[in-house]
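Chains, contacts and geometry: an overview
Listed below are the residues making up each chain.
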Amino acid sequence: MSAPGNVSEGGVARRLLRPARQETYEKVFSTVYAGLMTNVLLALSCAPLLLALAVVRDPLASWPFFAVLSLLCGPALAGAFGCFEALGEGDTGVLRAFWGGYRRGWRRALAVWAAAGAAVAVLAVDAVAVAGTSFGPALVPFFCTAAALVAAVAFALLTFAGEPGVRLRGLVLPCLFLIARRWYLAAASLVVLGLAVAVVLVKPVAGLLLLVSPLLYAAWATTRYAVAAAR
């Protein structure tokens, strides 16, 4: 009576232990290669900022200088998102995809990053200014929420920056509405982005070469899903 069960279990075991197809190995290796190369290209694109972070002991004391240098991150993200788009279509030409996204979107990505950075800086200064007052506990959460909303909308716009024929100005209000409606997805993306920044600051080599692109991809995919109806 147990023979059919044994045969079935043996068949399942053989299927599980059977080597994967060659196409599977090629897809895995090409994905890993694309992630590593995206990390390298991101590091090269943001090299002045990374060098300054390595030299300056207290970046917070010189935050205006680093705010200006951070403008390099906008076009770099547009290039990385071009790699993610190409990878989703089965194209593993990382350098071509990165340069294409960078070239098409660097102006718009730079404008979005500059506008968002200025808005977040003003909100942060206001939060610090009112924190010590009697009504500070009531206003600081508002400033923090507004800064998070600005960052989430800016990141959503950056995911479209490298796409040809897309007018980012017309996507601001739709993205704002969708981000507010699906706030939990936006919050998840911001947590992942914060983790990526923390990893780079704590472990620069490991963060830049291994972990940045997977974390960015997770935030990019989540945000694109959240604002898919904006297009």
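Further up the page is the structure itself.
Read on for a plain summary of the structure. Since the structure is predicted, the reported quantities are computational estimates derived from the model, not experimental observations. (Residues numbered from 1 in each chain as written. Predicted model: local features only at pLDDT ≥ 70, side-chain atom pairs only at ≥ 80, totals over all residues. Heavy atoms only, no water.)

Some points on the overall build of the protein chain
Heads up, the rule is: To qualify as a helix, a DSSP run of H or I must reach at least 4 residues; to qualify as a strand, a run of E must reach at least 2; elements of each kind are numbered from the N terminus. Only protein chains enter the calculation, and the probe is 1.4 Å; a residue is then buried if its accessible area is under 20% of its type maximum, exposed if over 50%, and partly exposed in between. Contacts are assigned to residue pairs that have any heavy atoms within 4.5 Å of one another. Note on areas: Shrake-Rupley, 1.4 Å probe, and residue coverage restricted to the protein chains presented here.
Counting its regular elements, the protein chain contains 10 helices and 0 strands. Relative to its 231 residues, the protein chain shows a buried fraction of 36%. Sequence separation of 24 or more characterises 71% of the internal contacts of the protein chain that already satisfy a separation of 6 or more. Summing over all exposed atoms, the protein chain offers an accessible surface of approximately 13900 Å²; the carbon and sulfur share of this is 71%.

Re the environment of Trp183
Looking at where Trp183 falls in the secondary structure, it is placed in helix 9 (residues 183-202). According to the relative accessible area criterion, Trp183 is exposed, its value standing at 57%. Measuring from C-alpha to C-alpha, the distance between Trp183 and Leu149 comes to 8.9 Å, with 34 residues separating the pair along the chain.

Re the packing of helix 9 against helix 10 (residues 204-226)
What counts, and what does not: To get an axis, fit a line to the C-alpha atoms, keeping to the stretch in contact for a helix; angles then go from 0 to 180 degrees between the N-to-C directions. Note that the term roughly parallel is reserved for angles under 35 degrees, roughly antiparallel for angles over 145, roughly perpendicular for angles of 65 to 115, and oblique for everything else. Residues were grouped as follows: Ala, Val, Leu, Ile, Met, Phe, Trp, Tyr, Cys and Pro as nonpolar; Asp, Glu, Lys and Arg as charged; and all remaining residues, including Gly, as polar.
Running from N to C, helix 9 and helix 10 point in directions that differ by 170°, and their axes come no closer than 9 Å. Relative to helix 10, helix 9 is oriented roughly antiparallel. Split into classes, the residues belonging to the contact of helix 9 with helix 10 amount to 19 nonpolar, 4 polar and no charged.

Some remarks on the nonpolar core
Going by this rule: By convention a nonpolar core is built from buried Ala, Val, Leu, Ile, Met, Phe, Trp, Tyr and Cys residues, the set being connected through side-chain atoms within 4.5 Å.
One finds Leu171, Cys175 and Val227 to be the most contacted residues of the largest nonpolar core, which totals 51 residues. Take this core: its biggest share by element is 9 residues, from helix 5 (residues 73-88). Excluding residues that lie within four positions of it along the chain, Cys175 makes contacts with Val153, Ala156, Leu157, Phe160, Val227 and Ala230. In terms of nonpolar packing, the next biggest core, distinct from the first, is built from 6 residues, Leu123, Ala127, Val130 and Ala147 among them.

Some words on helix 6 (residues 94-131)
The condition that has to hold: An expected span of 1.5 Å times one less than the residue number is assigned to each helix.
Its 38 residues place the ends of helix 6 only 46 Å apart at the C-alpha level, less than the 56 Å of an ideal helix rising 1.5 Å per residue. Among all positions of helix 6, only Val94, Ala97, Phe98, Gly100, Gly101, Gly105, Ala109, Val112, Ala116, Leu123, Ala127 and Val130 are buried.

As for the packing of helix 7 (residues 136-158) against helix 9
Angle between the axes and distance between the axes are the two parameters that describe a pair of packed helices. As a packed pair, helix 7 and helix 9 sit with axes 10 Å apart at the nearest point and diverge in direction by 85°. Compared by their axis directions, helix 7 and helix 9 come out roughly perpendicular. Only Ala186, Leu190 and Leu193 of helix 9 make contact with helix 7, whose side of the interface consists of Ala148, Ala151, Ala152 and Phe155. Partitioned by chemical class, the residues of the contact of helix 7 with helix 9 number 7 nonpolar, no polar and no charged.

Quick word on helix 8 (residues 172-181)
What counts, and what does not: To obtain the arc, one takes the directions from the helix axis to the C-beta atoms.
Within helix 8, the full set of buried residues consists of Cys175, Leu178 and Ile179. The buried residues of helix 8 occupy an angular sector of 100° when the element is viewed end-on, so they sit on one face. Facing away from the buried surface of helix 8 by more than 90 degrees, the exposed residues are Leu173, Phe177 and Arg181. Against helix 7, helix 9 and helix 10 lie the buried residues of helix 8.

Quick notes on the environment of Phe98
Here Phe98 lies in helix 6. Discounting residues that sit within four places of it in the chain, Phe98 has contacts with Leu41, Leu42, Ser45, Ala76, Gly79, Ala80 and Cys83.

Points about the packing of aromatic side chains
Worth spelling out the cut-off: Here a pair means two rings of Phe, Tyr or Trp (six-membered ring of Trp) with centres within 6.5 Å. Their orientation is stacked below 30 degrees between planes, edge-to-face above 60, and tilted elsewhere. A ring is considered to have a charge above it if a Lys NZ or an Arg CZ atom is located within 6 Å of its centre and within 35 degrees of its normal.
With the rule as written, the count across this model stands at 10 aromatic pairs. Residues Trp99 and Tyr102 carry aromatic rings whose centres are separated by 6.3 Å and whose planes lie at 15° to one another, so their mutual orientation is stacked. Taken together, the residues Trp99 and Tyr102, both in helix 6 and 3 residues apart, mark about one turn of the helix. On the accessibility criterion, Trp99 (51% relative accessible area) is exposed. For Tyr102, a relative accessible area of 22% puts it in the partly exposed group. Counting every residue linked through ring pairs, the aromatic cluster contains Phe81, Phe84, Phe155, Tyr217 and Trp220. Above the plane of the ring of Tyr225 lies Arg182, whose end atom (NZ or CZ) is 5.4 Å from the centre.

Observations regarding the pattern of salt bridges
Close approach of charged atoms allows side chains with opposite charge to pair. Put simply, the rule reads: When a carboxyl oxygen of Asp or Glu lies within 4 Å of a side-chain nitrogen of Lys or Arg, that pair is called a salt bridge.
Enumeration over the complete set of coordinates arrives at 2 salt bridges. Overlapping salt bridges bring together Glu85, Glu163 and Arg224 as one network.

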